[in-house]
Amino acid sequence: MLTEVTATRYITPLREGGSLPGLVEADDLGTYVMKFTGAGQGRRTLVAEVISGELARRLGLRVPRLAVLDLDPAVGRAEPDEEVQALLHASPGPNLGMDYLPGSLGFDPLAYAVSPREAGRVVWFDALVNNVDRSWRNPNMLVWHGDLWLIDHGATLTWQHNWPAVEAAAARPYDASDHALAPCRPDLGAAADDLAPLVTAELLAEVTALVPDAWLVGDDETADPAALRARHAELLLARAAVVSEAITVGDPTPARPPAPPGWLLAPAPRRAGEGR
Ligand SMILES: Nc1ncnc2c1ncn2[C@@H]1O[C@H](COP(=O)(O)OP(=O)(O)OP(=O)(O)O)[C@@H](O)[C@H]1O
Ligand SMILES: [Mg+2]
């Protein structure tokens, strides 16, 4: 079970996050980053946060502690922002909390060196869970007390949005060219040797059991939470065995220049015979 605590105070929105997570205080006096069930990204992102985050932790990667945070939307009544109010009112009950790391800094490759060994472990893990959100544009890693911490696993386990055949998803290619740690010469061979044997059916049963039923089934009242847990576990077990061959690390995509404003663009030429 994840720790269960109750939010007592909404402190402020974290505007860097696309899902508008909130900083909240809870009845254990902890400060948490709260991810809301009512956010547009949906409850499956919270399923991904729990399964991938807890799996990463058990593989020895650093992830801030996760908790289930019970919310009474009234705790945010002093917050003037209407968007925040709407989010709180759409999210009564259990939401996801992540221990807030005070004073942490966003990962910057120029300021913090990551060894090939550590980079390899992060890239291998991200390939396993098909994390599409740890690029140099948005690293979703923090540096805290001199160590690298992984956050934001909402964009992992992408297959859960449209369950494909297990073999196809297990072998799905993972292009790590734009991964934030690709320039750190990730040692993928060592990572696979260390981590693949740890991804067992028992471990996957343990981490999938941590997800609250309501997040798994979403709005589908006919869905069976146990069957969904088993599906996640089966897919990750199959992928752990073959994912090393699915990873490629090529040249990163160059940053695109910002698009010119619309008023600078000439209107599209009218084709002969059109609009008459
Ligand atoms: N545990 C934490 N401790 C300190 N700061 C955090 C923590 N979690 C998140 N943050 C801060 O909040 C920001 C948004 O968090 P996060 O990336 O999890 O949100 P998101 O809405 O999923 O974002 P995205 O736009 O990447 O999808 C992070 O970039 C980071 O600055
Ligand atoms: Mg993020």
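Residues numbered from 1 in each chain as written. Chains lettered and ligands numbered in written order. Predicted model: local features only at pLDDT ≥ 70, side-chain atom pairs only at ≥ 80, totals over all residues.

1. Here we look at the packing of helix α1 (residues 43-58) against helix α6 (residues 201-208)
The relative placement of two packed helices comes down to the angle between their axes together with the axis-to-axis distance. What counts is decided by this rule: Axis definition: a line fit to C-alpha positions, over the contact stretch in the case of helices; interaxial angles, taken between N-to-C directions, run 0 to 180 degrees. Per the convention used, a helix needs a DSSP run of H or I reaching at least four residues, while a strand needs a run of E reaching at least two, with both numbered from the N terminus. Geometric relationships in this document are graded by angle, where less than 35 degrees denotes roughly parallel, more than 145 denotes roughly antiparallel, 65 to 115 denotes roughly perpendicular, and other angles denote oblique. In this scheme, a crossing is called left-handed if the near helix is turned counterclockwise away from the far one by less than a right angle; it is called right-handed if the turn is clockwise. Remark: residues whose backbone-derived C-beta atoms lie within 7 Å of one another are considered to be in contact.
The N-to-C vectors of α1 and α6 enclose an angle of 135°; their axes lie 9 Å apart at closest approach. Relative to α6, the element α1 is oriented oblique. The crossing of α1 and α6 is right-handed. Together, Ile51, Glu54, Leu55 and Arg58 of α1 and Leu203, Val207 and Thr208 of α6 make up the contact between the two elements.

2. With respect to the UniProt feature "domain: HipA-like kinase" (unreviewed entry) in the chain
As a reminder, the rule being used: UniProt positions are given in the numbering used here, feature names are shortened, and annotations may be inferred rather than shown by experiment.
As annotated in UniProt, the feature "domain: HipA-like kinase" (unreviewed entry) corresponds to residues 13-240 in the numbering used here. As annotated, residues 13-240 comprises 35% helix and 16% strand, and the C-alpha atoms at either end are separated by 36 Å.

3. Overview of the domain arrangement of the chain
Put simply, the rule reads: Domain borders in the structure are assigned automatically or taken from a domain database. In the scheme used here, Gly and all other residues not listed as nonpolar or charged are polar, with Ala, Val, Leu, Ile, Met, Phe, Trp, Tyr, Cys and Pro taken as nonpolar and Asp, Glu, Lys and Arg as charged.
Each assigned domain of the chain is listed here: domain 1 (3-99) and domain 2 (105-248). Centre-to-centre, using C-alpha coordinates, domain 1 lies 21 Å away from domain 2. Residue-level contacts link 26 residues of domain 1 with 28 residues of domain 2. Going through the elements one at a time, α1 and β5 (93-99) are the ones with two or more residues in the side of domain 1 that touches domain 2. At 15 residues, the largest contribution of residues to the side of domain 1 that touches domain 2 is made by α1. Tallied by class, residues from the side of domain 1 that touches domain 2 come to 14 nonpolar, 6 polar and 6 charged.

4. Examining unusual backbone geometry
Put simply, the rule reads: Residues with at least 20 other C-beta atoms within 10 Å of their own are called buried, those with 12 or fewer are called exposed, and the rest are partly exposed. The C-beta atoms themselves are positioned from the backbone.
Look at Leu20: it is not a glycine, yet its phi comes out positive at around 55°. Locating Leu20 in the fold gives a position in the loop between β1 (3-13) and β2 (22-26). Assessed through the 18 C-beta atoms surrounding it within 10 Å, Leu20 is described here as partly exposed. Its identity is not glycine, yet Asn130 carries a phi of approximately 55°, on the positive side. As for its placement among the helices and strands, Asn130 is situated in the loop between α3 (116-128) and β7 (141-144).

5. Section: the sheet that holds strand β6 (residues 105-106)
Stated formally: Two strands pair if DSSP finds at least two bridges between them.
Read from one edge of the open sheet, 3 strands run β6-β7-β8, paired in antiparallel fashion. Either end of the sheet is taken by a strand with one partner, and the two such strands are β6 and β8 (147-150).

6. With respect to the pairing of β5
Bridging between strand β3 (residues 31-35) and β5 involves 4 bridges; their strand directions are antiparallel. Looking across to β5, one finds that Val33 is bridged to Met98. The pairing of strand β4 (residues 66-71) with β5 spans 6 bridges and is classified as antiparallel. Its bridge partner being in β5, Leu71 is matched across the sheet by Gly93.

7. Some thoughts on the site of ligand 1
Filter applied, for reference: Each residue receives a C-beta atom placed from its backbone. It is near a molecule or strand if this atom lies within 6 Å of it.
Near ligand 1, the surroundings consist of 21 residues, among which Gly17, Gly18, Ser19, Leu101 and Asp152 are the closest. Split into classes, the residues belonging to the shell around ligand 1 amount to 9 nonpolar, 8 polar and 4 charged. Counting residues domain by domain, the shell around ligand 1 receives three or more from each of domain 1 (3-99) and domain 2 (105-248).

8. A short note on the sheet that holds β2
On the basis of which strands lie adjacent, the closed barrel formed by 5 strands has the order β1-β2-β3-β5-β4 and mixed pairing. Within this sheet the neighbouring strands show an average axis-to-axis angle of 55°, counted without direction.

9. Brief notes about the nonpolar core
So the rule is basically this: Remark: nonpolar core denotes a set of buried Ala, Val, Leu, Ile, Met, Phe, Trp, Tyr and Cys residues whose joining runs through C-beta atoms within 7 Å.
Counting residues in hydrophobic clusters, the biggest one holds 64 residues, and the most contacted among them are Leu69, Val123 and Trp124. Shared between two domains, this core takes at least three residues from each, and those domains are domain 1 (3-99) and domain 2 (105-248). Ignoring any residue separated from it by four or fewer positions in sequence, one finds Trp124 in contact with Leu188, Ala191, Ala192 and Leu195.

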